[in-house]
Amino acid sequence: LLFYILILTICNLYFTIQHSSMESSASSQFDSFAELADNETTDILLLPPPTTIEGDETETPQLKLGDTLKLDKLGPIIINSDGTTRRITNWDNLTKHEQESTYRVISARNKRRLDQLRRELAENPPDGEGGKN
């Protein structure tokens, strides 16, 4: 018990010191900002324009209301047996042949799992929703 009290006291002291140093740091930062605001000739700093990587010819996709966007580079979504979803973490490391094979297997398995989940939902609807009377 004495050990825990000692630990709590040390933690409390540490956080008190941290809090007081943050307050003084925040007030000095506020003073710096106030000085900048007083200086009328201060230019507004802007972020530099986005740069492109050499050889990267891909464009940023533009979406309009109602458009869809395929995220093929992320790989297929896997439906787990409990209905949750996940992705393959190393999809971008797979060869084209491995990606095609994996996509076929996952698509078939996802269809079976979704059918099973739909059957379970029809048999046991959540409380307050439609289903068997």
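Residues numbered from 1 in each chain as written. Predicted model: local features only at pLDDT ≥ 70, side-chain atom pairs only at ≥ 80, totals over all residues. Heavy atoms only, no water.

Which residues make up the overall build of the chain, and what values go with them?
Within the chain one finds two helices and two strands. The N-to-C order of helical and strand elements in the chain reads α-β-β-α. Evaluated residue by residue, the chain yields a buried proportion of 8% over its 133 residues. Considering only contacts in the chain between residues 6 or more positions apart, those separated by 24 or more positions represent 35%. Element-wise, carbon and sulfur atoms account for 59% of the exposed surface of the chain, whose accessible area totals about 12700 Å². (Helix = DSSP H or I, 4+ residues; strand = E, 2+ residues; numbered from the N terminus. Buried < 20%, exposed > 50% of the residue type's maximum accessible area, 1.4 Å probe, protein only. Contact = heavy atoms within 4.5 Å. Areas by Shrake-Rupley, 256 points an atom, 1.4 Å probe, with all protein chains shown as cover.)

Pulling in residues and values, what's your account of helix α2 (residues 96–123)?
Owing to its 3.6 residues per turn, the α-helix brings residues three or four apart onto one side. If you check α2, its first and last C-alpha atoms are 40 Å apart, about what 28 residues at 1.5 Å a residue would give, namely 40 Å. Taken residue by residue, α2 has Q99, I106 and N110 as its buried positions. Those residues of α2 hidden inside the fold are in contact with β1 (77–79). (Expected span 1.5 Å × (residues − 1).)

Can you explain the confidence of the model for the chain? Please cite residues and give values.
Summarising the model, the chain shows a mean pLDDT of 75, and 56% of its residues fall at 70 or more. Mean pLDDT across the secondary structure elements of the chain bottoms out at helix α1 (residues 2–38), with 58, and peaks at α2, with 93. (pLDDT = per-residue confidence, 0-100.)

A description of a nonpolar patch on the surface should follow, citing residues and the corresponding values.
There is a patch of nonpolar side chains on the surface, built from L63, L69, L71 and L74 and spanning about 370 Å² of accessible area. Secondary-structure assignment places L71 in the loop between α1 and β1. (Patch = residues over 30% accessible without salt bridge, like charges linked within 9 Å, V, L, I, M, F, W, Y side chains within 5 Å. Salt bridge = Lys/Arg side-chain N within 4 Å of Asp/Glu carboxyl O.)

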